[in-house]
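Now for the letters of each chain:
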Amino acid sequence: MPAPETTHGIGVSPGTAYGPVVQVAPPVRPPADEPAPADPDAALVDVKAALETVARSLEERAAAADDTAQQILKATALIARDRGLAKAAGKLLHAGRGPAHAIAGAVEEYAAQFEALGGLFAERVTDLRDVGSRAIAAVLGVPAPGVPRFDVPSVVVAEDLAPAETATLDRALVVGIITEAGGRTSHTAILAAQMGIPAVVQVPHATAIPVGVPVALDGDSGEVTTNPDPSLVEAQRVRAARRTKALAARSGPGVTRDGTEIALLANIGGVEDAVAAGALDLEGVGLFRTEFVFLSAAKAPTVAEQTEIYRRVFEPFGERRVVVRTLDAGADKPLAFADLGPEENPALGRRGLRLSAERPELLDAQLEALAVAARETGADVRVMAPMVATAEEAAWFARRVRENGLPKAGVMIEVPGAALRASDVLGEVDFGSLGTNDLAQYTMAADRMQGALSDLLDPWQPAVLDVIAAACEGADRAERPMGVCGESAGDPLLALVLVGLGASSLSMAPSKVPVVRFALSVHSLAECQELAVVAREARTAQEALQRVRDRADRQLTDVL
Amino acid sequence: MATRTVTIASSVGLHARPAALFVEAATNTGLDVEIARPGEDPVDATSILGVMALGAKFGEEVVLTADGDGADDALDSLVALLSRDLDAE
């Protein structure tokens, strides 16, 4: 039995997991030194066989998939078996290209045609390239890219997971996720938390762990242990059981030990999330990210189309609150119908409300649809704008929201400038909500998508805590409530600090609500305020976390 | 040689699911069926990539041609298929 080996990553989705490793193979590219085929006709036989292998494996997956996935997989199998594709590859083989390059070339010929057509046709390029990558793997005799098929509960390990890959994972079989890249706020991390699968990112050399090796992971501490000692697995299991028991003993609205109410809300990104979160013990939605609903749309959705989607999102929450963030496109989330062209620094460019200022008709259509859906469902709908920097912007947004008949307007506080002048900015609206992921990115000048800068993006950075404190003080002066809707609200220790700094609501991945509810229930408001002071006295992020962990109530730290 | 002209009734155009259903049906005829935009070069109707690369949208006309025994019947059934909104079914 090989010795246990422990490494540390960043825990991004809570819970512990234990199981054999399944490695996600990276996309396969043709080798640079591939020789020209000695016999192009024989090579074409190999290429056709590779394409047939891909078609068959897609059909096998289709047979086991649900209706929607089944149709997509069947159509993709048709692409693999396409005579035109094989013919194009044959021409390239006769022109002296090796089999892998011939497949890649044939795929790109069609990809270029589809991209030129645009819209829905252009979206098929992903499927086409996926077929190409699989066929190249087959012709080279290397593992197919993507998540392999497996039938025992396993820990999925990858360099990084594409959002589509994460979203299609089988929750019953994937007990945990480990990635070598990715970051605290990468979409993989957010989706894993939403799906309730324990996950650790930024784990060094994770992709080098051999397939089948047993691994234990802790999605809170970020600890990953290969060939773990049975006692460690047992200790993790015991702690998980203790945690389950402690969390199950609390329910209902969020409240500190001494009775201060702190609303516990969910972050959601679409109808499916809404239905799932609506059934849970939480007080509503603190962040409904609307752009996720439209990411695949080729043209701006109509008011009627949007109304229908919003109605389906609001319905599961009855009369509970739903805070809607208006379209936050640009930067890492480009939309086909709201693209203002490439920018040198998209994170600092025309995104969020700045995009709405350039394309006000998009915002007006969205607000109109939200107002209709709110009236029809009776939900307590509040609308907030992303990327607000100044009081003028806040006023401009609030006016448009009210003109459309919506009662409550707010702003996200994610730009340090807006945080420092929160009293002026919030004076124009009804509430504020701290987007701590972007606030950390802009405070520390570190790209959220850059995994290597994860340490700088740590929300425990004392500078980030100072900016949050300034924003909360401003909100207090303006007598406006300030919530938090970044991932940090779902960290039970940090949630206590945020409440101590003045946050009156916390919005997070729904799977994190129970542990945050428990954390609040064993601390008084005064204790939270003391933890906030202690955290801000620290010189480093690590020290801030350590100090709070040492001072927090044992009832909480025993289950973390 | 049998020829038919038909208007695409699928709201998303001849793409994705409608294209897959059409290609499947064309393949099942066992004939050499071709599809083209009026006046343009035809493509193999059993090639999903070729059919999708036509980029035929809702309301646009396409021309189907086929040779051999049963070509007329085969094209009639393909015309009937394209005259329905395949994406809505």
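Before reading further, recall that the structure is shown in the block above.
From a predicted model like this one, the values you see are computed outputs, not experimental measurements.

Rules and cut-offs
Residues numbered from 1 in each chain as written. Chains lettered and ligands numbered in written order. Predicted model: local features only at pLDDT ≥ 70, side-chain atom pairs only at ≥ 80, totals over all residues. Heavy atoms only, no water. Helix = DSSP H or I, 4+ residues; strand = E, 2+ residues; numbered from the N terminus. Rg over C-alpha atoms; globule rule 2.2 N^0.38 Å. Buried < 20%, exposed > 50% of the residue type's maximum accessible area, 1.4 Å probe, protein only. Contact = heavy atoms within 4.5 Å. Areas by Shrake-Rupley, 256 points an atom, 1.4 Å probe, with all protein chains shown as cover. Lys, Arg positive; Asp, Glu negative; His and termini not counted. Charge placed at Lys NZ, Arg CZ, Asp CG, Glu CD. Pairing = 2+ DSSP bridges. Axes fitted to C-alpha atoms, helices over the stretch in contact; angles between N-to-C directions. Buried area = accessible area lost by both parts, 1.4 Å probe. Salt bridge = Lys/Arg side-chain N within 4 Å of Asp/Glu carboxyl O. Polar contact = N/O pair within 3.5 Å; in protein donor to acceptor, adjacent residues only side chain to side chain. Nonpolar A, V, L, I, M, F, W, Y, C, P; charged D, E, K, R; others polar. Core = buried A, V, L, I, M, F, W, Y, C linked by side-chain atoms within 4.5 Å. Parallel < 35°, antiparallel > 145°, perpendicular 65-115°, else oblique. Left-handed = near helix turned anticlockwise from the far one by under 90°.

### Description of the overall build of chain A
Point 1. Secondary structure assignment for chain A yields 25 helices and 16 strands.
Point 2. Relative to the compact-globule value of 24 Å for 560 residues, chain A shows a C-alpha radius of gyration of 25 Å, a close match.
Point 3. Its C-alpha atoms put chain A at 80 × 60 × 40 Å along the principal axes.
Point 4. Within chain A, buried positions represent 52% of all 560 residues.
Point 5. If you take every contact in chain A between residues at least 6 apart in sequence, the share linking residues at least 24 apart comes to 68%.
Point 6. Accessible surface computed for chain A: about 23600 Å², of which carbon and sulfur atoms make up 53%.
Point 7. Charged side chains in chain A number 53 positive and 75 negative. The centres of these two groups are separated by 2 Å.

### So, the sheet that holds strand E4 (residues 154-158) of chain A
All names here are of chain A.
Point 1. Overall, mixed pairing links the 8 strands, which are arranged E1-E8-E7-E3-E4-E5-E6-E2 in an open sheet. Every other strand in the sheet has two partners, leaving strand E1 (5-8) and strand E2 (10-13) as the edge strands with one partner each. The average angle at which neighbouring strand axes cross in this sheet is 30 degrees, direction not considered.
Point 2. Examined bridge by bridge, strand E3 (residues 16-23) and strand E7 (residues 214-218) share 5 bridges and lie antiparallel to one another. Among the inter-strand pairings, Pro20 is bridged to a residue of E7, identified as Pro214.

### Details of the sheet that holds strand E10 (residues 284-289) of chain A
Residue and element names in this part refer to chain A.
Point 1. Read around the barrel, 8 strands follow the order E9-E10-E11-E12-E13-E14-E15-E16 and close on themselves; strand pairing throughout is parallel. Strand after strand, the sheet turns through a mean of 30 degrees between neighbouring axes, direction not considered.
Point 2. By the bridge criterion, 2 bridges tie strand E15 (residues 482-484) to strand E16 (residues 505-508) in an arrangement that is parallel. Within E16, the position partnered with Gly483 by the bridge is Ser505.

### Examining the interface of chain B and chain A
Point 1. With 16 residues of chain B at the interface, the matching set in chain A holds 16 residues.
Point 2. In total, about 1500 Å² of surface goes out of reach between chain B and chain A, with carbon and sulfur atoms giving 70% of it.
Point 3. The interface formed by chain B and chain A includes 1 salt bridge.
Point 4. Arg83(A) serves as the salt-bridge partner of Asp44(B), at 2.8 Å between the closest nitrogen and oxygen.
Point 5. Here chain B is connected to chain A by 5 residue pairs in polar contact (both at pLDDT 80 or more).
Point 6. Taken together, the elements giving at least two residues each to the side of chain B that touches chain A come down to helix H1 (16-28) and helix H2 (48-54) of chain B.
Point 7. No other element matches H2(B), which puts 5 residues into the side of chain B that touches chain A.
Point 8. For the side of chain B that touches chain A, a count of residues per class yields 9 nonpolar, 5 polar and 2 charged.

### Topic: the side chain of Ser356(A)
Point 1. Following the sequence through the fold, Ser356(A) ends up in helix H13 (residues 353-358).
Point 2. Contact partners of Ser356(A), with chain neighbours within four places excluded, come to Leu363(A) and Trp396(A).

### Quick notes on the nonpolar core
Nonpolar side chains in soluble globular proteins generally cluster together in the buried interior.
Residue and element names in this part refer to chain A.
Point 1. Within the largest apolar cluster, 94 residues are counted, with the highest numbers of intra-cluster contacts made by Phe314, Ile413, Val497 and Leu506.
Point 2. In this structure, Phe314 is in contact with Val322, Val324, Leu370, Ala373, Ala374, Thr377, Ala379 and Val381, ignoring residues within four places of it in sequence.
Point 3. In this structure, Val28, Ala55, Leu73 and Ala137 belong to the second largest nonpolar core, which totals 65 residues.

### Brief notes about the packing of helix H3 (residues 83-94) of chain A against helix H4 (residues 99-117) of chain A
A pair of packed helices is characterised by two quantities: the angle between their axes and the separation of those axes.
Residue and element names in this part refer to chain A.
Point 1. Two numbers describe how H3 lies on H4: the axes approach to 8 Å, and their chain directions differ by 125 degrees. Relative to H4, the element H3 lies oblique. Considering the relative orientation of H3 and H4, their crossing is right-handed. Listed contacts from H4 to Gly84, Leu85, Ala88, Ala89, Leu92 and Leu93 of H3 are Pro99, Ala102, Gly105, Ala106, Val107, Glu109 and Tyr110.

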